Amino acid sequence: MSSVDSWRYTGSKLPECGEINLALGYPATSSLRVETIRKAFDQMFEEKISEPEFFHYSYATGYREIRRLLAEFLMRLYNLRSCEIEAGDLAICGGVAYGLDSILSVLGVDSSSVVFCEELTYYATLKMFRERNCQLVFVPFTKHGHLDLDWLETQLTQNQLWADNIKLVYTIPTFQNPSGAIMPEHMRVRLIELAHRFNFYIASDEIYNLTPFSPVKNSLPTSMALLDNKEDGRVFSLGSFSKVLSPSLRFGWIHTSRNLVAKLVDSGVMFCGSCVCHLSCGAMEVIFRNRTIDTIIEAGSKSLEHRANSLFEALVEHLPKSCSLNCCDRDGPVSRPLGGCFIVIQLPQNVSASKLALVCEEKHKLTIQPTSSFGDRRDDRVRLCFSYHSPSELKNGAILLANAIKELEDSSSLNNF
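The rules behind each value
Residues numbered from 1 in each chain as written. Predicted model: local features only at pLDDT ≥ 70, side-chain atom pairs only at ≥ 80, totals over all residues. Heavy atoms only, no water. Helix = DSSP H or I, 4+ residues; strand = E, 2+ residues; numbered from the N terminus. Rg over C-alpha atoms; globule rule 2.2 N^0.38 Å. Buried < 20%, exposed > 50% of the residue type's maximum accessible area, 1.4 Å probe, protein only. Contact = heavy atoms within 4.5 Å. Areas by Shrake-Rupley, 256 points an atom, 1.4 Å probe, with all protein chains shown as cover. Lys, Arg positive; Asp, Glu negative; His and termini not counted. Charge placed at Lys NZ, Arg CZ, Asp CG, Glu CD. Salt bridge = Lys/Arg side-chain N within 4 Å of Asp/Glu carboxyl O. Core = buried A, V, L, I, M, F, W, Y, C linked by side-chain atoms within 4.5 Å. Axes fitted to C-alpha atoms, helices over the stretch in contact; angles between N-to-C directions. Parallel < 35°, antiparallel > 145°, perpendicular 65-115°, else oblique. Left-handed = near helix turned anticlockwise from the far one by under 90°. 1 Å grid on protein atoms, 1.4 Å probe; cavity = no way out; pocket = protein on both sides within 12 Å on 5 of 7 lines; lining within 4 Å. Points joined across faces, edges and corners; volume = space filled by probe spheres on them. Nonpolar A, V, L, I, M, F, W, Y, C, P; charged D, E, K, R; others polar. Phe/Tyr/Trp six-rings, centres within 6.5 Å; stacked < 30°, edge-to-face > 60°. Lys NZ or Arg CZ within 6 Å of the ring centre and 35° of its normal.

### Digging into the overall build of the protein
Here is step 1 of the chain: In terms of regular secondary structure, the protein is built from 14 helices and 12 strands.
Here is step 2 of the chain: Here the C-alpha atoms of the protein give a radius of gyration of 22 Å, agreeing with the 22 Å that 2.2 N^0.38 yields for 417 residues.
Here is step 3 of the chain: Classification of the 417 residues of the protein by burial places 54% in the buried group.
Here is step 4 of the chain: Considering only contacts in the protein between residues 6 or more positions apart, those separated by 24 or more positions represent 74%.
Here is step 5 of the chain: If you sum the accessible surface of the protein, you get close to 18600 Å²; carbon and sulfur atoms cover 51% of it.
Here is step 6 of the chain: With 42 positive and 48 negative side-chain charges, the protein shows a separation of 2 Å between the mean positions of the two kinds.

What follows is the structure, given as C-alpha coordinates:
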(Lines give C-alpha, C1' and ligand atoms only; values in the text may rest on other atoms or scores of the structure.)
Protein backbone atom coordinates (compact mmCIF):
# COMPACT_ATOMS: atom_id res chain seq x y z
CA MET A 1 0.00 0.00 0.00
CA SER A 2 1.39 3.41 -0.94
CA SER A 3 1.65 6.23 1.60
CA VAL A 4 -1.09 8.04 -0.32
CA ASP A 5 -3.40 5.03 0.11
CA SER A 6 -2.47 4.75 3.79
CA TRP A 7 -3.71 8.30 4.37
CA ARG A 8 -7.19 6.77 4.30
CA TYR A 9 -6.44 5.64 7.85
CA THR A 10 -3.92 8.07 9.37
CA GLY A 11 -4.48 11.50 10.87
CA SER A 12 -1.42 12.90 9.07
CA LYS A 13 -0.09 12.17 5.60
CA LEU A 14 2.76 9.68 5.79
CA PRO A 15 5.96 10.46 3.87
CA GLU A 16 6.16 9.24 0.29
CA CYS A 17 9.27 7.72 -1.24
CA GLY A 18 12.12 10.22 -1.03
CA GLU A 19 10.39 12.40 1.58
CA ILE A 20 11.58 12.75 5.17
CA ASN A 21 9.23 14.13 7.82
CA LEU A 22 11.04 15.03 11.04
CA ALA A 23 7.91 16.73 12.36
CA LEU A 24 5.94 13.46 12.48
CA GLY A 25 5.56 12.13 16.03
CA TYR A 26 4.22 8.72 14.98
CA PRO A 27 5.90 5.48 16.00
CA ALA A 28 7.56 3.67 13.10
CA THR A 29 5.03 1.58 11.18
CA SER A 30 7.40 -1.40 11.45
CA SER A 31 7.32 -1.10 15.26
CA LEU A 32 3.52 -1.44 15.56
CA ARG A 33 2.77 -4.76 17.27
CA VAL A 34 0.09 -5.88 14.81
CA GLU A 35 0.53 -9.62 15.31
CA THR A 36 0.56 -9.26 19.10
CA ILE A 37 -2.66 -7.27 18.92
CA ARG A 38 -4.31 -9.77 16.54
CA LYS A 39 -3.50 -12.71 18.82
CA ALA A 40 -4.69 -10.79 21.87
CA PHE A 41 -8.06 -10.00 20.26
CA ASP A 42 -8.42 -13.61 19.06
CA GLN A 43 -7.78 -14.90 22.58
CA MET A 44 -10.05 -12.28 24.11
CA PHE A 45 -13.00 -13.23 21.89
CA GLU A 46 -12.36 -16.91 22.52
CA GLU A 47 -12.48 -16.31 26.28
CA LYS A 48 -15.30 -13.74 26.41
CA ILE A 49 -17.70 -15.39 23.95
CA SER A 50 -19.07 -17.43 26.83
CA GLU A 51 -19.54 -14.22 28.87
CA PRO A 52 -21.92 -12.15 26.73
CA GLU A 53 -22.29 -9.58 29.52
CA PHE A 54 -18.74 -8.48 28.67
CA PHE A 55 -20.16 -6.88 25.51
CA HIS A 56 -22.56 -4.63 27.46
CA TYR A 57 -21.83 -1.08 28.65
CA SER A 58 -18.65 -1.14 30.71
CA TYR A 59 -17.93 0.37 34.11
CA ALA A 60 -17.07 4.06 33.67
CA THR A 61 -13.37 3.78 34.53
CA GLY A 62 -12.86 0.29 33.05
CA TYR A 63 -13.73 -3.06 34.58
CA ARG A 64 -11.91 -4.02 37.75
CA GLU A 65 -9.69 -6.81 36.37
CA ILE A 66 -8.14 -4.62 33.67
CA ARG A 67 -7.41 -1.92 36.25
CA ARG A 68 -5.89 -4.51 38.59
CA LEU A 69 -3.60 -5.80 35.84
CA LEU A 70 -2.64 -2.24 34.85
CA ALA A 71 -1.82 -1.51 38.51
CA GLU A 72 0.47 -4.58 38.59
CA PHE A 73 2.21 -3.41 35.42
CA LEU A 74 2.77 0.09 36.79
CA MET A 75 4.20 -1.32 40.00
CA ARG A 76 6.69 -3.35 37.93
CA LEU A 77 7.50 -0.28 35.85
CA TYR A 78 8.27 1.85 38.93
CA ASN A 79 9.78 -0.98 41.01
CA LEU A 80 7.17 -0.64 43.74
CA ARG A 81 6.05 -2.89 46.54
CA SER A 82 2.61 -4.51 46.36
CA CYS A 83 -0.49 -2.36 46.85
CA GLU A 84 1.23 1.01 46.28
CA ILE A 85 -0.97 1.28 43.19
CA GLU A 86 -4.41 -0.35 43.28
CA ALA A 87 -7.29 -0.72 40.85
CA GLY A 88 -9.18 2.01 42.67
CA ASP A 89 -6.43 4.54 41.87
CA LEU A 90 -6.90 4.17 38.11
CA ALA A 91 -9.37 5.20 35.43
CA ILE A 92 -9.03 3.76 31.93
CA CYS A 93 -9.43 6.30 29.12
CA GLY A 94 -9.00 6.47 25.35
CA GLY A 95 -5.44 7.83 25.49
CA VAL A 96 -3.83 10.88 27.06
CA ALA A 97 -5.82 13.45 25.03
CA TYR A 98 -9.15 11.88 26.00
CA GLY A 99 -8.04 11.67 29.60
CA LEU A 100 -6.97 15.32 29.65
CA ASP A 101 -10.28 16.39 28.11
CA SER A 102 -12.13 14.50 30.87
CA ILE A 103 -9.99 16.26 33.48
CA LEU A 104 -10.72 19.69 31.99
CA SER A 105 -14.44 18.90 32.09
CA VAL A 106 -14.34 17.62 35.68
CA LEU A 107 -12.43 20.71 36.83
CA GLY A 108 -14.77 23.04 34.96
CA VAL A 109 -12.02 24.77 32.98
CA ASP A 110 -13.64 27.64 31.07
CA SER A 111 -13.16 31.30 30.15
CA SER A 112 -12.85 32.28 33.82
CA SER A 113 -9.99 29.80 34.44
CA VAL A 114 -6.23 30.27 34.38
CA VAL A 115 -4.13 27.34 33.14
CA PHE A 116 -0.33 27.28 33.39
CA CYS A 117 1.92 25.18 31.15
CA GLU A 118 5.56 25.01 30.15
CA GLU A 119 7.23 27.62 27.94
CA LEU A 120 7.17 25.04 25.14
CA THR A 121 4.59 22.26 25.24
CA TYR A 122 2.70 19.78 23.08
CA TYR A 123 0.84 21.79 20.45
CA ALA A 124 -2.34 19.66 20.46
CA THR A 125 -2.95 20.32 24.16
CA LEU A 126 -2.65 24.05 23.47
CA LYS A 127 -5.53 23.62 21.04
CA MET A 128 -7.59 21.89 23.76
CA PHE A 129 -6.96 24.71 26.24
CA ARG A 130 -7.73 27.42 23.68
CA GLU A 131 -11.00 25.76 22.72
CA ARG A 132 -12.13 26.32 26.32
CA ASN A 133 -11.14 30.01 26.13
CA CYS A 134 -9.17 29.82 29.36
CA GLN A 135 -6.32 32.22 30.07
CA LEU A 136 -3.15 30.36 29.15
CA VAL A 137 0.06 31.34 30.95
CA PHE A 138 3.44 29.99 29.84
CA VAL A 139 5.91 29.27 32.64
CA PRO A 140 9.50 29.93 31.50
CA PHE A 141 12.07 27.15 31.48
CA THR A 142 15.15 27.17 33.64
CA LYS A 143 18.40 26.80 31.71
CA HIS A 144 18.00 23.03 32.25
CA GLY A 145 14.61 22.94 30.51
CA HIS A 146 12.52 22.54 33.67
CA LEU A 147 9.50 24.52 34.86
CA ASP A 148 10.76 27.59 36.69
CA LEU A 149 8.97 26.95 39.98
CA ASP A 150 10.44 30.09 41.58
CA TRP A 151 8.76 32.13 38.82
CA LEU A 152 5.48 30.24 39.27
CA GLU A 153 5.45 30.73 43.04
CA THR A 154 6.26 34.43 42.68
CA GLN A 155 3.44 34.98 40.18
CA LEU A 156 0.86 33.19 42.34
CA THR A 157 2.02 35.14 45.41
CA GLN A 158 1.95 38.55 43.73
CA ASN A 159 -0.86 38.22 41.18
CA GLN A 160 -4.07 37.75 43.16
CA LEU A 161 -6.21 37.38 40.03
CA TRP A 162 -4.13 34.44 38.84
CA ALA A 163 -4.03 32.93 42.34
CA ASP A 164 -7.81 33.15 42.63
CA ASN A 165 -8.53 31.62 39.22
CA ILE A 166 -5.79 29.08 38.61
CA LYS A 167 -7.29 25.65 37.90
CA LEU A 168 -4.47 23.61 36.44
CA VAL A 169 -0.77 23.28 35.70
CA TYR A 170 -0.13 21.03 32.70
CA THR A 171 3.35 19.52 32.51
CA ILE A 172 5.25 16.80 30.66
CA PRO A 173 7.80 15.99 33.38
CA THR A 174 9.66 13.09 31.75
CA PHE A 175 11.35 13.54 28.33
CA GLN A 176 9.38 16.73 27.84
CA ASN A 177 7.86 17.41 24.44
CA PRO A 178 9.64 19.11 22.78
CA SER A 179 12.70 19.80 24.99
CA GLY A 180 13.40 16.22 26.15
CA ALA A 181 14.15 17.40 29.72
CA ILE A 182 13.51 15.31 32.86
CA MET A 183 12.05 17.13 35.86
CA PRO A 184 13.95 15.96 38.99
CA GLU A 185 11.90 14.35 41.74
CA HIS A 186 12.48 17.17 44.24
CA MET A 187 10.95 19.61 41.76
CA ARG A 188 7.93 17.34 41.29
CA VAL A 189 7.44 17.31 45.06
CA ARG A 190 7.70 21.09 45.20
CA LEU A 191 5.15 21.51 42.39
CA ILE A 192 2.71 19.28 44.31
CA GLU A 193 3.28 21.35 47.45
CA LEU A 194 2.44 24.49 45.46
CA ALA A 195 -0.72 22.81 44.16
CA HIS A 196 -1.95 22.15 47.70
CA ARG A 197 -0.92 25.62 48.87
CA PHE A 198 -2.56 27.53 46.00
CA ASN A 199 -5.48 25.16 45.45
CA PHE A 200 -4.79 24.07 41.86
CA TYR A 201 -4.49 20.69 40.13
CA ILE A 202 -1.68 19.14 38.09
CA ALA A 203 -2.13 17.24 34.82
CA SER A 204 1.10 15.28 34.47
CA ASP A 205 1.44 13.92 30.93
CA GLU A 206 3.62 10.83 31.41
CA ILE A 207 3.31 9.11 28.04
CA TYR A 208 7.09 9.13 27.58
CA ASN A 209 7.75 7.37 30.91
CA LEU A 210 7.70 4.15 28.86
CA THR A 211 10.57 5.27 26.58
CA PRO A 212 13.73 5.55 28.73
CA PHE A 213 17.11 4.89 27.11
CA SER A 214 19.83 2.79 28.69
CA PRO A 215 21.72 5.60 30.57
CA VAL A 216 18.66 6.47 32.70
CA LYS A 217 16.61 3.28 32.53
CA ASN A 218 17.02 2.50 36.24
CA SER A 219 17.14 6.04 37.62
CA LEU A 220 14.03 7.85 36.37
CA PRO A 221 11.88 9.83 38.80
CA THR A 222 8.63 8.08 39.64
CA SER A 223 5.12 8.95 38.46
CA MET A 224 3.97 12.25 39.94
CA ALA A 225 0.73 10.72 41.26
CA LEU A 226 2.82 8.50 43.55
CA LEU A 227 4.29 11.58 45.24
CA ASP A 228 0.89 13.00 46.19
CA ASN A 229 -1.65 12.20 48.91
CA LYS A 230 -3.39 8.97 47.90
CA GLU A 231 -6.77 9.87 49.41
CA ASP A 232 -6.99 13.64 48.87
CA GLY A 233 -4.58 14.60 46.11
CA ARG A 234 -4.08 17.20 43.42
CA VAL A 235 -2.31 15.19 40.67
CA PHE A 236 -3.68 13.46 37.58
CA SER A 237 -0.94 11.31 35.98
CA LEU A 238 -1.78 10.37 32.39
CA GLY A 239 -0.30 7.43 30.50
CA SER A 240 -0.73 5.46 27.30
CA PHE A 241 0.80 2.66 25.23
CA SER A 242 0.38 4.63 21.98
CA LYS A 243 4.12 5.17 21.47
CA VAL A 244 5.21 1.58 22.21
CA LEU A 245 2.35 -0.75 21.19
CA SER A 246 -0.11 0.95 18.81
CA PRO A 247 -1.98 4.26 18.86
CA SER A 248 -5.02 2.54 17.33
CA LEU A 249 -5.81 0.67 20.56
CA ARG A 250 -6.70 3.99 22.23
CA PHE A 251 -5.78 2.48 25.59
CA GLY A 252 -4.68 5.00 28.21
CA TRP A 253 -5.14 5.68 31.89
CA ILE A 254 -5.43 8.33 34.57
CA HIS A 255 -3.64 7.52 37.83
CA THR A 256 -4.84 9.76 40.63
CA SER A 257 -6.06 9.94 44.22
CA ARG A 258 -9.34 8.41 45.37
CA ASN A 259 -11.13 11.77 45.71
CA LEU A 260 -10.34 12.59 42.08
CA VAL A 261 -11.28 9.13 40.78
CA ALA A 262 -14.69 9.72 42.37
CA LYS A 263 -15.00 13.01 40.45
CA LEU A 264 -14.14 11.25 37.19
CA VAL A 265 -16.65 8.45 37.78
CA ASP A 266 -19.36 11.04 38.42
CA SER A 267 -18.58 13.09 35.30
CA GLY A 268 -21.27 13.17 32.63
CA VAL A 269 -19.28 11.64 29.78
CA MET A 270 -17.92 8.72 31.85
CA PHE A 271 -21.19 8.12 33.68
CA CYS A 272 -23.20 8.13 30.45
CA GLY A 273 -20.68 6.84 27.90
CA SER A 274 -18.87 4.22 30.02
CA CYS A 275 -15.31 3.17 29.16
CA VAL A 276 -14.61 4.28 25.57
CA CYS A 277 -12.02 1.55 24.85
CA HIS A 278 -13.75 -1.46 26.40
CA LEU A 279 -12.89 -3.96 23.62
CA SER A 280 -9.27 -2.82 23.70
CA CYS A 281 -9.33 -3.44 27.46
CA GLY A 282 -10.18 -7.06 26.71
CA ALA A 283 -7.16 -7.39 24.41
CA MET A 284 -4.91 -5.57 26.89
CA GLU A 285 -6.05 -7.99 29.62
CA VAL A 286 -4.51 -10.80 27.55
CA ILE A 287 -1.31 -8.81 26.88
CA PHE A 288 -0.93 -7.97 30.59
CA ARG A 289 -1.53 -11.57 31.69
CA ASN A 290 1.07 -12.88 29.23
CA ARG A 291 3.56 -10.20 30.36
CA THR A 292 4.02 -9.41 26.66
CA ILE A 293 3.93 -5.71 27.38
CA ASP A 294 7.19 -5.78 29.35
CA THR A 295 9.20 -7.20 26.43
CA ILE A 296 7.47 -4.84 23.97
CA ILE A 297 8.47 -1.79 26.02
CA GLU A 298 12.05 -3.05 26.37
CA ALA A 299 12.36 -3.58 22.60
CA GLY A 300 10.63 -0.30 21.80
CA SER A 301 12.99 1.71 23.98
CA LYS A 302 16.03 0.06 22.38
CA SER A 303 14.71 0.82 18.90
CA LEU A 304 14.02 4.45 19.79
CA GLU A 305 17.46 4.81 21.37
CA HIS A 306 19.13 3.53 18.19
CA ARG A 307 17.16 6.01 16.09
CA ALA A 308 17.89 8.86 18.51
CA ASN A 309 21.62 8.17 18.47
CA SER A 310 21.65 8.01 14.67
CA LEU A 311 20.01 11.42 14.35
CA PHE A 312 22.04 13.00 17.17
CA GLU A 313 25.40 11.84 15.80
CA ALA A 314 24.51 13.04 12.30
CA LEU A 315 23.47 16.45 13.64
CA VAL A 316 26.70 16.79 15.63
CA GLU A 317 28.70 15.92 12.51
CA HIS A 318 26.89 18.07 9.97
CA LEU A 319 25.23 21.07 11.65
CA PRO A 320 27.05 24.41 11.49
CA LYS A 321 28.84 25.32 14.70
CA SER A 322 26.49 28.29 15.01
CA CYS A 323 23.67 25.86 15.92
CA SER A 324 23.11 24.49 19.40
CA LEU A 325 21.63 21.16 20.46
CA ASN A 326 20.78 22.59 23.88
CA CYS A 327 17.12 23.63 23.85
CA CYS A 328 17.36 26.38 26.50
CA ASP A 329 20.99 27.39 26.98
CA ARG A 330 22.68 28.14 23.64
CA ASP A 331 26.14 27.88 25.18
CA GLY A 332 25.27 25.09 27.60
CA PRO A 333 26.37 21.44 27.52
CA VAL A 334 24.91 19.05 24.96
CA SER A 335 24.04 15.42 25.60
CA ARG A 336 22.38 12.65 23.67
CA PRO A 337 18.61 12.25 24.10
CA LEU A 338 17.88 10.14 27.18
CA GLY A 339 14.38 9.05 26.12
CA GLY A 340 11.22 10.18 24.42
CA CYS A 341 11.07 11.07 20.73
CA PHE A 342 12.49 14.57 20.22
CA ILE A 343 15.52 16.83 19.79
CA VAL A 344 15.33 20.64 19.74
CA ILE A 345 17.86 22.69 17.77
CA GLN A 346 18.64 26.34 18.35
CA LEU A 347 19.42 27.83 14.95
CA PRO A 348 21.99 30.50 14.11
CA GLN A 349 20.63 33.81 15.33
CA ASN A 350 20.30 35.15 11.77
CA VAL A 351 18.23 32.16 10.56
CA SER A 352 14.43 32.13 10.90
CA ALA A 353 12.87 28.77 11.84
CA SER A 354 9.71 29.49 9.83
CA LYS A 355 11.73 30.41 6.73
CA LEU A 356 13.95 27.36 7.21
CA ALA A 357 10.88 25.11 7.30
CA LEU A 358 9.73 26.50 3.94
CA VAL A 359 13.16 26.02 2.34
CA CYS A 360 13.39 22.44 3.64
CA GLU A 361 9.93 21.62 2.28
CA GLU A 362 10.33 23.24 -1.12
CA LYS A 363 13.96 22.39 -1.94
CA HIS A 364 14.78 19.25 0.04
CA LYS A 365 11.48 17.30 0.54
CA LEU A 366 12.18 17.58 4.26
CA THR A 367 9.54 18.52 6.83
CA ILE A 368 10.56 20.10 10.15
CA GLN A 369 8.53 21.88 12.83
CA PRO A 370 9.38 25.33 14.22
CA THR A 371 8.75 25.52 17.95
CA SER A 372 6.29 28.36 17.40
CA SER A 373 3.76 25.50 17.14
CA PHE A 374 4.56 24.67 20.76
CA GLY A 375 3.93 28.17 22.11
CA ASP A 376 7.40 29.56 21.41
CA ARG A 377 7.56 33.33 20.91
CA ARG A 378 10.98 33.00 19.36
CA ASP A 379 11.66 32.01 15.75
CA ASP A 380 15.05 30.35 16.10
CA ARG A 381 14.23 26.83 17.34
CA VAL A 382 12.96 23.68 15.60
CA ARG A 383 11.81 20.32 16.96
CA LEU A 384 12.96 17.13 15.26
CA CYS A 385 11.28 13.79 15.89
CA PHE A 386 13.25 10.54 15.53
CA SER A 387 10.50 7.96 16.21
CA TYR A 388 9.16 7.36 12.68
CA HIS A 389 12.04 7.12 10.21
CA SER A 390 14.81 4.55 9.91
CA PRO A 391 18.33 5.40 11.14
CA SER A 392 19.57 5.87 7.55
CA GLU A 393 16.67 8.22 6.73
CA LEU A 394 17.34 10.18 9.91
CA LYS A 395 20.99 10.61 8.92
CA ASN A 396 19.96 11.82 5.46
CA GLY A 397 17.46 14.19 7.06
CA ALA A 398 20.18 15.67 9.27
CA ILE A 399 22.40 16.29 6.23
CA LEU A 400 19.56 17.95 4.29
CA LEU A 401 18.72 20.12 7.29
CA ALA A 402 22.34 21.17 7.76
CA ASN A 403 22.61 22.10 4.08
CA ALA A 404 19.42 24.19 4.27
CA ILE A 405 20.69 26.02 7.37
CA LYS A 406 24.01 26.77 5.67
CA GLU A 407 22.18 28.10 2.60
CA LEU A 408 20.13 30.52 4.69
CA GLU A 409 23.12 31.47 6.82
CA ASP A 410 25.20 32.26 3.73
CA SER A 411 22.30 34.16 2.15
CA SER A 412 21.87 36.25 5.30
CA SER A 413 25.59 37.01 5.42
CA LEU A 414 25.57 38.20 1.78
CA ASN A 415 22.53 40.42 2.43
CA ASN A 416 24.29 42.00 5.39
CA PHE A 417 27.53 42.54 3.48
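### Describing the pattern of salt bridges
Side chains that differ in sign of charge can pair as their charged atoms come close.
Here is step 1 of the chain: Inspection of every chain in the model, using the stated rule, returns 28 salt bridges.
Here is step 2 of the chain: Note that D150 is salt-bridged to R190, the shortest N-O span being 2.8 Å. With D150 in helix α6 (residues 149-158) and R190 in helix α8 (residues 185-198), the pair connects residues that are 40 residues apart, well separated along the chain.
Here is step 3 of the chain: For R190, a relative accessible area of 25% corresponds to the partly exposed category.
Here is step 4 of the chain: One network of salt bridges, in which partners are shared, links E47, K48, E285 and R289.

### A word on the nonpolar core
Here is step 1 of the chain: Among the nonpolar cores identified, the biggest contains 68 residues, and F129, L315, I345, L356, I368, L384 and L401 are the most heavily contacted of them.
Here is step 2 of the chain: The greatest single-element share of this core, amounting to 7 residues, is contributed by helix α14 (residues 391-416).
Here is step 3 of the chain: With sequence-adjacent residues up to four places away left out, L384 is seen in contact with L22, L311, L315, C341, F342, I343, I345, I368 and L401.
Here is step 4 of the chain: Ranked by size, the runner-up nonpolar core spans 34 residues in total, among them Y78, A283, M284 and I293.

### Some details on the packing of helix α3 (residues 64-77) against helix α11 (residues 278-289)
Here is step 1 of the chain: Where α3 meets α11, the closest approach of the two axes is 10 Å, and the angle between their N-to-C directions is 40 degrees. As far as their axial angle goes, α11 and α3 are oblique. Judged by the sense of rotation from one axis to the other, the crossing of α3 with α11 is left-handed. On α11, the residues that touch E65, I66, L69, L70 and F73 of α3 are C281, M284, E285, F288 and R289.

### Some thoughts on the layout of surface pockets
Here is step 1 of the chain: Volume-wise, the largest pocket comes out at about 1200 Å³.
Here is step 2 of the chain: In terms of lining, the largest pocket is formed by 43 residues, of which the most central are Y26, P27, K243, P247 and R250.
Here is step 3 of the chain: When contributions to the lining of the largest pocket are tallied by element, the ones reaching two or more residues are α2 (34-48), α4 (96-107) and α5 (123-131).
Here is step 4 of the chain: Counting residues per element, the lining of the largest pocket draws most heavily on α5, which supplies 4 residues.
Here is step 5 of the chain: Broken down by class, the residue content of the lining of the largest pocket amounts to 24 nonpolar, 15 polar and 4 charged.

### Re the pairing of strand β9 (residues 342-346)
Here is step 1 of the chain: The buried fraction of β9 is high, at 5 of 5 residues.
Here is step 2 of the chain: Along β9, one buried face is formed by F342, V344 and Q346 and the opposite face, lined by I343 and I345, is buried too.

### Structural notes on the packing of aromatic side chains
Here is step 1 of the chain: By the definition in use, this model includes 17 aromatic pairs.
Here is step 2 of the chain: Taken together, a centroid distance of 6.0 Å and an interplanar angle of 15 degrees make the contact between F241 and F251 stacked. Taken together, the residues F241 in the loop between β7 (235-240) and β8 (252-256) and F251 in the loop between β7 and β8 connect sequence positions 10 residues apart.
Here is step 3 of the chain: Accessibility expressed as a relative area gives 2% for F251, which makes it buried.
Here is step 4 of the chain: The side chain of R234 reaches across the aromatic face of Y201, ending 4.4 Å from its centre.

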